[in-house]
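# Examination of the molecular architecture
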Amino acid sequence: MSSPKQTVQEILNELPTLLAVAVVETETGMPLASHANIAEFDIETAAAYNTEVVKAKLKAIKALKLNQTVQDILLTLTDQLHLLKLSPTGDKFIYLAVNSRDTNLAQARQILKAYSASIN
């Protein structure tokens, strides 16, 4: 198991060109650890709003009785990719923002998959 701070540092080591990364508590939307490579990126606001995205998707799955779990959530912006990857228990998620021309989506998803299994 890794601490949220260790997880953020390890993801930063693997994706040094990322825009932002955070380990977020799903219930409160508060980042437990975070890092942004650009000063104007408000990671706390991003974490709070992305928590609403996660909660809405989980609520929709339950309402539709889909008997499914969320693997990850991808938000594609004009020149950015935002990925949300839940921990196995769903109590935390990793939020990652990258520039779409600097990062391979498959690589980013694999990195998040590896680290989401170990956050505690």
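All values reported here derive from a predicted model rather than from experimental measurement. (Residues numbered from 1 in each chain as written. Predicted model: local features only at pLDDT ≥ 70, side-chain atom pairs only at ≥ 80, totals over all residues. Heavy atoms only, no water.)

### With respect to the overall build of the protein
A tally of helices and strands in the protein yields three helices and five strands. Going residue by residue from the N terminus, the α and β elements of the protein occur as α-β-β-α-β-β-β-α. Here the protein has a C-alpha radius of gyration of 13 Å; the compact-globule value for 120 residues is 14 Å, and the two agree. Along the first, second and third principal axes, the C-alpha atoms of the protein reach 40 × 35 × 25 Å. Considering only contacts in the protein between residues 6 or more positions apart, those separated by 24 or more positions represent 51%. About 6,900 Å² of surface is accessible on the protein, with carbon and sulfur atoms providing 52% of the total. When the 11 positive and 12 negative side-chain charges of the protein are each reduced to one mean point, those points stand 11 Å apart. (Helix = DSSP H or I, 4+ residues; strand = E, 2+ residues; numbered from the N terminus. Rg over C-alpha atoms; globule rule 2.2 N^0.38 Å. Contact = heavy atoms within 4.5 Å. Areas by Shrake-Rupley, 256 points an atom, 1.4 Å probe, with all protein chains shown as cover. Lys, Arg positive; Asp, Glu negative; His and termini not counted. Charge placed at Lys NZ, Arg CZ, Asp CG, Glu CD.)

### Overview of helix α1 (residues 4-14)
Looking only at α1, the buried set comprises Pro4, Thr7, Val8, Ile11 and Leu12. Taken around the axis of α1, the buried residues stretch over an arc of 130°, which confines them to a single face. Those residues of α1 that are exposed and aimed more than 90 degrees away from the buried face are Lys5 and Asn13. (Buried < 20%, exposed > 50% of the residue type's maximum accessible area, 1.4 Å probe, protein only. Arc of directions from axis to C-beta.)

### Brief notes about the nonpolar core
Within soluble globular proteins, side chains that are nonpolar generally end up buried alongside one another. Counting 18 residues, the largest nonpolar core has Ile11, Leu15, Leu18, Val21, Ile94, Leu96 and Leu112 as its most contacted members. Of all elements in the fold, only α1, β1 (20-25), β4 (80-86), β5 (92-99) and α3 (105-116) reach the threshold of two or more residues within this core. Of all the elements, α3 adds the most residues to this core, at four residues. With near-sequence residues (within four places) excluded, Val21 lies in contact with Val8, Ile11, Ala33, Ser34, His35, Ile43, Ile94, Tyr95 and Leu96. (Core = buried A, V, L, I, M, F, W, Y, C linked by side-chain atoms within 4.5 Å.)

### Brief notes about the sheet that holds β4
In space, the five strands of this open sheet follow the order β2-β1-β5-β4-β3, with antiparallel pairing throughout. For this open sheet the edge positions go to β2 (31-36) and β3 (73-76), each flanked by a neighbour on one side alone. Averaged over neighbouring strand pairs, the angle between their axes works out to 10° when direction is ignored. Of the pairings in the sheet, the one linking β3 to β4 comprises four bridges and is antiparallel in character. Bridge assignment links Leu75 to a residue of β4, and that residue is His82. Across the sheet, α3 touches β3, β4 and β5, and the angle it forms with β4 is around 25°. (Pairing = 2+ DSSP bridges. Axes fitted to C-alpha atoms, helices over the stretch in contact; angles between N-to-C directions.)

### Things to note about the packing of aromatic side chains
Aromatic rings considered in pairs are described by the distance between their centres and by the relative angle of their planes. In the structure shown here, the tally under the stated rule is one aromatic pair. Ring geometry for Phe41 and Tyr95: centres 6.5 Å apart, planes at 35°, overall tilted. Of this pair, Phe41 sits in the loop between β2 and α2 (43-63) while Tyr95 sits in strand β5; the two residues are 54 residues apart in sequence, bridging distant segments of the chain. (Phe/Tyr/Trp six-rings, centres within 6.5 Å; stacked < 30°, edge-to-face > 60°.)

### Quick word on the confidence of the model for the protein
Across the protein, the average pLDDT comes to 95, with 99% of residues at or above 70. Averaged pLDDT values for the elements of the protein fall to 94 in α3 and rise to 98 in β1. (pLDDT = per-residue confidence, 0-100.)

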